[in-house]
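Geometric and topological summary
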Amino acid sequence: MKKEYIKRLESIQVYLQNEKIDIAMITDPANVFYYTGFLSNPHERFMALVIDNKNEKTTLFVPALDEDIARNDSAVQTIVPISDEENPFTKLQTNVSANILTFGLEKKAVNIFRYQHLQENFPTASYIDIQPYISSERMKKSPIEIEQMRKPIQIIERVLAEGIKKVQTGMSEMDLTAELEYLMRKFGADGPSFSTIVLSGEKSALPHGTPGSRTIENGDFLLIDFGVIKDGYCSDITRTFLIGEASKKQKEIYNIVLQSTNAGLDAVKAGVPLRTFDIAARNVIKEKGYGEYFNNRIGHGLGIEVHEEPSIHESNADIAEPGLLFTIEPGIYIPNYGGVRIEDNVYINEEGKADVLTSFPKELQIL
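Looking at the nonpolar core
Across soluble globular proteins, nonpolar side chains show a tendency to be buried alongside one another. Ile12, Leu16, Ile26, Tyr35, Leu49, Leu60 and Ile130 are the most contacted members of the largest nonpolar core, which totals 38 residues. Elements that contribute at least two residues to this core include exactly α1 (2-18), β1 (23-26), α2 (29-36), β2 (48-52), β3 (57-63), α6 (131-139), α7 (143-163) and β11 (233-234). Leave out the neighbours within four places in its chain, and Ile12 touches Ile26, Tyr35, Ile51, Tyr133 and Ile134. Formed by 34 residues, the second largest nonpolar core is a distinct cluster that contains Phe221, Leu274, Ala281 and Ile328.

Next up, the structure:
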């Protein structure tokens with residue numbers, strides 16, 4: 001895998017040379033991992049991958065307490081530890097070229113505090129946003145990354161298969177959430193990739209609701225949206241179940257969402273606008289008269305982060321290309337009644353065709 005990181009570093013070095021950027025500082029932990037293989041959340045501490053094109057030197061600055069892990073995991077060999085009492089900006093300045101004129105930053109990741117300190121230490125520099133380049137690189141997954149993605153997907157589907165066996169009427173949403181997150185660890189996940197969503201009954205109409213004390217009862221929708229992180233990559237899957245029995249209306253809503261999900265997946269291929277996938281799925285729901293109950297995009301990119309590029313919505317005219325990996329997750333959410341979402345993870349392969357990486361059954365299951 002280290003060869004992959006070195007290849008990525010070589011690519012960004014060429015980009016910086018072409019754009020005449022003297023130095024680039026990457027601080028988003030997901031981007032640092034993408035280029036080095038070192039995954040860490042530094043919290044308030046300073047961590048940065050610094051590519052100094054003037055000196056042809058690449059350095060990873062890390063909190064001193066992470067130095068040993070960084071030396072073991074990082075493809076970048078030059079590691080500079082920063083202890084808690086040190087000024088990271090002074091240490092940065094002393095380890096890079098002088099007279100920097102152009103400084104590359106991820107402007108979404110740098111706050112005003114850090115920006116002001118950079119200006120103080122590099123007063124002659126102008127700042128250029130390199131985030132669009134990094135996002136475009138991360139958006140196209142390599143075959144190695146697809147294999148990495150299969151691990152968290154396999155784990156979360158195993159968790160779901162075992163987890164639904166734990167469902168009982170009278171248990172709370174939080175109880176089921178705890179069972180699921182225990183299974184994540186038991187089956188080898190490094191942790192959840194986002195806060196697990198378990199919603200029952202009328203609460204399933206809340207697309208990003210929070211599990212609570214509501215108990216699961218007969219006749220409820222049960223919506224489970226969750227994922228895990230494994231070796232730096234994330235999964236994200238949603239399935240909706242019925243408890244005990246299903247009404248005619250519940251079955252109708254479920255089947256419409258199932259048709260919508262399948263229509264979105266069937267539309268996925270390279271060479272067409274990304275909005276094509278959203279429109280194909282959305283039209284199914286609209287034509288059945290439930291369009292007002294589906295107000296969000298159809299999907300999002302997935303990889304090192306659970307939400308990344310591309311955004312799959314009905315106004316995105318960017319052309320789909322091989323290497324993109326994203327979710328297809330239409331839903332119908334009726335306030336004070338309930339909702340259904342079915343979410344799969346799909347990849348556009350080298351032939352420009354769709355490979356659906358999730359395999360958990362989508363047909364209605366009554367628990």
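A word on the packing of aromatic side chains
Summed over the entire model, instances satisfying the criterion amount to 12 aromatic pairs. Consider the rings of Tyr15 and Tyr133, whose centres lie 4.0 Å apart with planes at 10 degrees: the pair is stacked. Here Tyr15 is found in helix α1, whereas its partner Tyr133 is found in helix α6, with 118 residues between them in sequence. On the basis of relative accessible area, Tyr15 is assigned to the buried category, the value being 16%. Here the aromatic residues Phe103, Tyr115, Phe122 and Tyr127 are joined through ring pairs into a cluster of three or more. Between Arg8 and the ring centre of Tyr34, over which it is positioned, the NZ or CZ distance is 4.1 Å. Taking NZ or CZ as reference, Arg158 lies 3.9 Å from the ring centre of Phe187, over its face.

Re the pairing of strand β9 (residues 221-226)
Judged by how many residues are buried, β9 sits mostly within the fold: 6 of 6 residues are covered. Of the pairings in the sheet, the one linking strand β8 (residues 197-200) to β9 comprises 4 bridges and is antiparallel in character. Of the residues in β9, the one forming a bridge with Val198 is Ile224. Pairing of β9 with strand β12 (residues 237-242) involves 6 bridges; the strand directions are antiparallel. Bridge pairing in β12 links Leu223 to Thr240.

Comments concerning the pattern of salt bridges
Scanning the model with the defined rule gives 20 salt bridges in all. One salt bridge in this structure joins Glu305 and Arg138, with 3.0 Å as the shortest N-O distance. Pair noted here: Glu305 is in the loop between β13 (299-301) and β14 (308-312) and Arg138 is in helix α6, with a separation of 167 residues, a long-range link. Judged by relative accessible area, which is 29%, Glu305 ranks as partly exposed. Here Asp225 makes a salt bridge to Arg341, at a shortest N to O gap of 2.8 Å. Placement of Asp225 in strand β9 and of Arg341 in strand β17 (residues 338-341) is noted, with a sequence separation of 116 residues between them. In terms of burial, Asp225 and Arg341 fall into one category: buried.

Basis of the calculations
Residues numbered from 1 in each chain as written. Predicted model: local features only at pLDDT ≥ 70, side-chain atom pairs only at ≥ 80, totals over all residues. Heavy atoms only, no water. Core = buried A, V, L, I, M, F, W, Y, C linked by side-chain atoms within 4.5 Å. Buried < 20%, exposed > 50% of the residue type's maximum accessible area, 1.4 Å probe, protein only. Helix = DSSP H or I, 4+ residues; strand = E, 2+ residues; numbered from the N terminus. Contact = heavy atoms within 4.5 Å. Phe/Tyr/Trp six-rings, centres within 6.5 Å; stacked < 30°, edge-to-face > 60°. Lys NZ or Arg CZ within 6 Å of the ring centre and 35° of its normal. Pairing = 2+ DSSP bridges. Salt bridge = Lys/Arg side-chain N within 4 Å of Asp/Glu carboxyl O.

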